[in-house]
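Fold and contact review
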Amino acid sequence: MPADRMSAIPFSGIRKIFEECDRLEAAGEDVVHLEIGRPDFDTPEPIKDAGKDALDRGEVHYTSNYGIEPLRRGIAEKLAADNGLQYDPDGEIIVTSGATEAVFCTVVALVGPGDEVLVPDPSWTYRPSIETAGATRVPYPVSPEEGFQPDVEALAERASDDTELLIVNTPHNPTGGMLDADHAAAIRDVAVEHDLTVLSDEIYEKIRYDRDHVSLGALDGMYDRTVTVNGFSKAYSMTGWRLGYLAAPESLVDPIIRLRQYTTTCAPSIAQHAGVRALEGTLEAPMVEAFERRRDLVADRIADVPGMTCPTPSGAFYAFPTVPEGVDDETEFVYSLLREAGVALVPGTVFGETGTGRVRIAYSNSADRIDEAFDRIEAWLAAR
Ligand code: PMP
């Protein structure tokens, strides 16, 4: 029999869309994919070469649980240069198998039964880690009225004596919103007042268009209480390499590394050597430029669909608009559109209650395919 806690860990709502896409494509249908949260580019050639070289050199063994030294050093230099964060590469940085493992180990190592975890709503799937830890998830709204900033007043109201951990994600999946300096300062005040540990998920940091990125750990009073999570999946199109990291003071790293020894032990050795190369250049720049052009295209096309609106995304590769006029239910809309017009989106409610009446559009597809998707959406709406 499965453990009781598994009843709170369902199959992901996005996976159900993937399965429906597979079924349609197997039947010969053409599906435009705007549901997948991963860059569509190949990993830049120099990074792939570094991986191949590592393989040829025989770098095929377990590494330190913390990760190889040159990569930890590169990450420490990156965090100092880009984020104003000072971490010691020996003992304050852990290289993980994707940011997913960094999130999982942080949550499971730091909270347990009786503890509450504040989580953005809508958000990526932090829930399985919280359920595994036996802690309680307390959502706080990320508000479309404020350009998808966290609603800090609501967040402060939900903080209690039992709150241990606050999760923040910027740039934000699924809305494309980015934390601004004022909201970051307000979040800092709540974290300090309630003595919270903060998990700052910054996986989309490099993919941003017109705003500065704020790293919460760099704000006054935050270093001691913040675990900064980042990785290579999105910035360098390396989702399959499984490479991420976290940085935190040693007091927080200590429980996390002890757990981490028994999850995946270390990140893939070959991926770690490729990661060293990724941090040496500006290999992400052409991809970010392409995403920005697509962001503009998606924003224009959304504006032309009656009823569909959302603040222009500032980062990541997602838009989170309201459903078109005349559509009642976002889930019904997504499945009808997929089956009848071959356009794959994700219902907003997959990411939380505040996603009601919204859909996530991932513009990690070519401009031609994005145009094709919106042509089909408009034709489908006109034919109703
Ligand atoms: N955080 C967020 C907000 C994400 O969207 C994702 C992936 N979709 C991750 C973390 C995990 O990324 P990875 O494990 O590939 O590094």
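Residues numbered from 1 in each chain as written. Predicted model: local features only at pLDDT ≥ 70, side-chain atom pairs only at ≥ 80, totals over all residues. Heavy atoms only, no water.

**Focus on the environment of Phe-317**
Tracing the backbone shows Phe-317 in the loop between helix 10 (285–303) and strand 10 (318–319). For Phe-317, a relative accessible area of 0% puts it in the buried group. Sequence separation between Phe-317 and Pro-171 is 146 residues; the distance between their C-alpha atoms is 9.4 Å. Contacts of Phe-317, omitting those with residues within four sequence positions, involve Gly-37, Arg-38, Pro-39, Tyr-204, Ile-207, Tyr-209, Lys-234, Phe-291, Ile-361, Ala-362, Tyr-363 and Ser-364. (Helix = DSSP H or I, 4+ residues; strand = E, 2+ residues; numbered from the N terminus. Buried < 20%, exposed > 50% of the residue type's maximum accessible area, 1.4 Å probe, protein only. Contact = heavy atoms within 4.5 Å.)

**As for the pairing of strand 6 (residues 163–169)**
The buried count for strand 6 comes to six of seven residues, which makes it a mostly enclosed element. In the sheet, strand 3 (residues 116–121) pairs with strand 6 via three bridges, with the strands oriented parallel. In the sheet register, Glu-116 faces strand 6, and the bridge partner there is Thr-163. Read from strand 6 through helix 7 (residues 181–193) to strand 7 (residues 197–201), the crossover connection turns out right-handed. (Pairing = 2+ DSSP bridges. Right-handed = clockwise from strand over helix to strand, strands pointing away.)

**Here's the deal with the layout of surface pockets**
Size it by volume and the largest pocket reaches roughly 800 Å³. Considering the residues around the largest pocket, the lining is formed by 31 residues, among which Ile-14, Thr-100, Trp-124, Thr-125 and Lys-234 are closest to the centre. When residues of the lining of the largest pocket are traced back to their parent elements, those giving at least two are helix 1 (13–26), helix 4 (98–110) and helix 5 (127–133). Per-element accounting of the lining of the largest pocket gives the leading share, five residues, to helix 4. Among the residues forming the lining of the largest pocket, the class breakdown is 14 nonpolar, ten polar and seven charged. Looking at the lining of the second largest pocket, the elements with two or more residues in it are helix 1, strand 3 and helix 5. Looking at the lining of the second largest pocket residue by residue, the class counts come to twelve nonpolar, six polar and three charged. The residue makeup of the lining of the second largest pocket includes at least three contributed by each of domain 1 (4–43 + 284–382) and domain 2 (59–278). (1 Å grid on protein atoms, 1.4 Å probe; cavity = no way out; pocket = protein on both sides within 12 Å on 5 of 7 lines; lining within 4 Å. Points joined across faces, edges and corners; volume = space filled by probe spheres on them. Nonpolar A, V, L, I, M, F, W, Y, C, P; charged D, E, K, R; others polar. Domains from an automatic or database assignment.)

**What about the pattern of salt bridges?**
Inspection of every chain in the model, using the stated rule, returns 27 salt bridges. Close ionic contact of Glu-59 with Arg-57 constitutes a salt bridge, the shortest N to O distance being 3.2 Å. Among the residues examined, Glu-59 registers a relative accessible area of 27% and is labelled partly exposed. Taking the relative accessible area as the measure of exposure, Arg-57 reaches 52% and is therefore exposed. As a salt-bridge pair, Lys-78 and Glu-205 come within 2.9 Å of each other at their nearest N and O atoms. Of this pair, Lys-78 sits in helix 3 (residues 69–83) while Glu-205 sits in the loop between strand 7 and strand 8 (226–231); the two residues are 127 residues apart in sequence, bridging distant segments of the chain. Each member of the pair, Lys-78 as well as Glu-205, is classed as buried. If you follow the salt bridges from partner to partner, you end up with Lys-78, Asp-82, Glu-205, Lys-206 and Glu-284 in one network. (Salt bridge = Lys/Arg side-chain N within 4 Å of Asp/Glu carboxyl O.)

**Regarding the domain arrangement of the protein chain**
Reports often express the size of an interface as the amount of accessible area lost when the parts come together. Taken domain by domain, the protein chain consists of domain 1 (4–43 + 284–382) and domain 2 (59–278). When each unit is reduced to the centre of its C-alpha atoms, the spacing between domain 1 and domain 2 is 25 Å. Residue-level contacts link 32 residues of domain 1 with 33 residues of domain 2. Regarding the contact of domain 1 and domain 2, the summed buried area is about 2,800 Å², with carbon and sulfur atoms giving 59% of it. For the interface between domain 1 and domain 2, the tally reads two salt bridges. Note that Arg-295 and Asp-210 form a salt bridge whose closest N and O atoms lie 3.2 Å from each other. Counting across the interface, domain 1 meets domain 2 through 16 residue pairs in polar contact (both at pLDDT 80 or more). Of all the secondary structure elements, the ones that give two or more residues to the side of domain 1 that touches domain 2 are helix 10 and strand 10. When residues in the side of domain 1 that touches domain 2 are grouped by element, the largest group, five residues, is from helix 10. By residue class, the composition of the side of domain 1 that touches domain 2 is 17 nonpolar, six polar and nine charged. (Buried area = accessible area lost by both parts, 1.4 Å probe. Polar contact = N/O pair within 3.5 Å; in protein donor to acceptor, adjacent residues only side chain to side chain.)

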